[in-house]
Amino acid sequence: MYHIASLSHTKSAVKKVERVFLMTYATVFSTRAVVQELILRYLLTPIAPENLSQSLKEEWQLAVRLRVLQLLQLWAGEFYHPDLEKPQVRDLLDQFFAQSTAMHPLHTPHCEKIRHRLKSKGKPLVSIDLDNAPEPIVHEDEFVKVKFKFELADSLEVARQLALIDSELFSKLQPFELFDLAWTRPNKLERAPTICALTQQFNRLSQFVVNEVLSVKDLNKRIGTVRTFVVIAMHCAELCNYNSAFAISSGLNNASIYRLKKTWEGVGPECRAVHEDVSRLLDEPNFATYRARAAKSTGPFVPYLGVHLSDVTFLDSGNKKYLDDEKTIANYYLMERMFDHVTRLLHYAKTQYCLRRVPQIRELFLRDISISDEEAYSISKQLEP
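Notes on the structure follow. Since the structure is predicted, the reported quantities are computational estimates derived from the model, not experimental observations.

## Structural notes on the overall build of the protein
For the protein, the count of helices and strands is 20 helices and zero strands. Seen along its three principal axes, the alpha-carbon backbone of the protein occupies a region of about 90 × 50 × 35 Å. Contacts spanning at least 24 positions in sequence make up 75% of the contacts within the protein whose residues lie at least 6 apart. Roughly 20400 Å² of accessible area belongs to the protein as shown, and the carbon and sulfur atoms make up 54% of that amount. Of the charged side chains in the protein, 49 are positive and 47 negative; the average position of the first set lies 1 Å away from that of the second.

## Brief notes about empty space enclosed by the protein
Regions of empty space are outlined by a rolling probe, equal in size to a water molecule, passed over the atoms. The final tally for this structure, using the stated rule, is five cavities of 30 Å³ or more. In this structure, the largest cavity spans a volume of roughly 60 Å³. The wall of the largest cavity is formed by Thr24, Thr27, Phe179, Asp316, Lys321, Leu334, Met335 and Met338. Counting residues per element, the lining of the largest cavity draws most heavily on helix H18 (residues 332-347), at three residues. Here the residues of the lining of the largest cavity are counted per class, giving four nonpolar, two polar and two charged.

## Concerning the environment of Val358
Looking at the element boundaries, Val358 is found in the loop between H18 and helix H19 (359-364). Exposure remark for Val358: the relative accessible area of 5% places this residue in the buried category. Sequence separation between Val358 and Asn203 is 155 residues; the distance between their C-alpha atoms is 22 Å.

## Brief notes about the nonpolar core
Trp75, Phe170, Phe229, Ile232, Ile248, Leu252 and Phe365 are the most contacted members of the largest nonpolar core, which totals 108 residues. If one sorts the elements of this core by residue count, helix H10 (residues 193-214) sits on top with nine residues.

## A closer look at the packing of aromatic side chains
Summed over all chains, the structure comprises 19 aromatic pairs. Between Tyr290 and Phe301 the ring centres are 6.3 Å apart and the planes differ by 40°, which places this aromatic pair in the tilted class. Remark: Phe301 occurs in the loop between helix H16 (288-296) and helix H17 (305-318) and Tyr290 occurs in helix H16; sequence separation between them is 11 residues. What makes Phe301 buried here is its relative accessible area of 1%. Over the aromatic face of Tyr42 sits the side chain of Arg65, whose NZ or CZ is 5.2 Å from the ring centroid. Across the ring face of Tyr377, the terminal group of Arg259 is positioned such that the distance to the ring centre comes to 5.6 Å.

The rules behind the values
Residues numbered from 1 in each chain as written. Predicted model: local features only at pLDDT ≥ 70, side-chain atom pairs only at ≥ 80, totals over all residues. Heavy atoms only, no water. Helix = DSSP H or I, 4+ residues; strand = E, 2+ residues; numbered from the N terminus. Contact = heavy atoms within 4.5 Å. Areas by Shrake-Rupley, 256 points an atom, 1.4 Å probe, with all protein chains shown as cover. Lys, Arg positive; Asp, Glu negative; His and termini not counted. Charge placed at Lys NZ, Arg CZ, Asp CG, Glu CD. 1 Å grid on protein atoms, 1.4 Å probe; cavity = no way out; pocket = protein on both sides within 12 Å on 5 of 7 lines; lining within 4 Å. Points joined across faces, edges and corners; volume = space filled by probe spheres on them. Nonpolar A, V, L, I, M, F, W, Y, C, P; charged D, E, K, R; others polar. Buried < 20%, exposed > 50% of the residue type's maximum accessible area, 1.4 Å probe, protein only. Core = buried A, V, L, I, M, F, W, Y, C linked by side-chain atoms within 4.5 Å. Phe/Tyr/Trp six-rings, centres within 6.5 Å; stacked < 30°, edge-to-face > 60°. Lys NZ or Arg CZ within 6 Å of the ring centre and 35° of its normal.

Coordinates in, geometry out; function isn't part of it.
Right, dumping it as C-alpha cells:
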C-alpha cells in the first residue's frame, strides 16, 4: 500500500498527511488491511546498495520501525476506530506487539502505550476545575418540600444545565462517526453512537417544550411558559449551545404550538422578536450567521449537528473516493477536505463548560416524552379552537 510506505518513510515530516490518512482511511480501506500493511512495513528488510554499511542499513530499518509505532500510537490515541477492537484485528496487533518486544525490548513502552490508548478508546478523561464555577441559581427549599417541577427552575440555570448535558454528549464524538454517512445506516447506534445520542437529546427537548406548553390549560400561565422557553433559548444561544437553542426553537415552531394565536399575542412583540432571532439562524441561506458565530467561537461551543452533517453528506456524495478503477489510490483531495471539516467540528469539543450540575433540573430533560404530532395538535385545538 503506497500510502503506508509514504507515511512511514524515515524522512516523512508532513504531519498533516498522516493525520488526514488516519482519520479518513476507513472510507477507502479496511482497518485490517491498514494494520497488516503497517506490520509488513515494520518487518521489512530494506534493499540497500552493496556499498551501504550494515550499521547504516540497521539504522534505517530501526527508524522505519519507530515511525510505524508512532503511527500506531497516533491512530489509537487521536483517531481511534471501533474496527480496531474486532477479533481479527486485535489478534494481529497482539501478535505484532509480542513480536516487536521480542525483536526490540526498547520498543516495549511504545507497545504498552498503544495498548493503553486502545483500551481507553482514544478519548482521554477530561477533568474540569469547578472552583471558579458560578453558584447554581436554585432555592434548596424548593427541592426539599415538593417534587421539583419545571416552573420552579430559573431560566438561566436551565440553560446552564442543558449546556452541560449537550457538551458532555458532544465531547464523546469520535471522527469515525462522521464518515460514510454512518448516522444513516441500519447499525447507526454502533457506528455513530454520539450523533444518535445528540439527535435523541434534540428531539427529547423539542418534545418537552411541546408537552410542557400544551399541559398548561390557563391562557395567562401558558403565555408565561412560552416566554420562559424563549428566554431559555436565548440563554442557550448566549452560552453557544446551539443544539438546545434550536431544539427549543423547533418545539415552539411545532404546528401544535405555532397555531396558538392567543398565546403568541399575549407573549408580546419583544419576546416574539427574540424567538424569531433564534429561529432565523436556521432559516438563513447556508446558515451564514450561525457559521460566522461558530468560526469566531473561542470558548465552549455545542454545534447544531444538522448543519455539519449536511456538509459532510455533500462532500461524501459529490466526490470520487478513488482515483483509479482498481480502487487502490485514494482521492487525497477528498480525504483532506473531510479531515479539515471534521477537525473544525471536533475542535469545539475541546473546551468544556465550567458549571456545576443540578441533578433535579437535569432529570427533567433526560426523560423520554411520548406525544405524537397528531395527539399534540388535537390538544392544541382543544386549548384554542
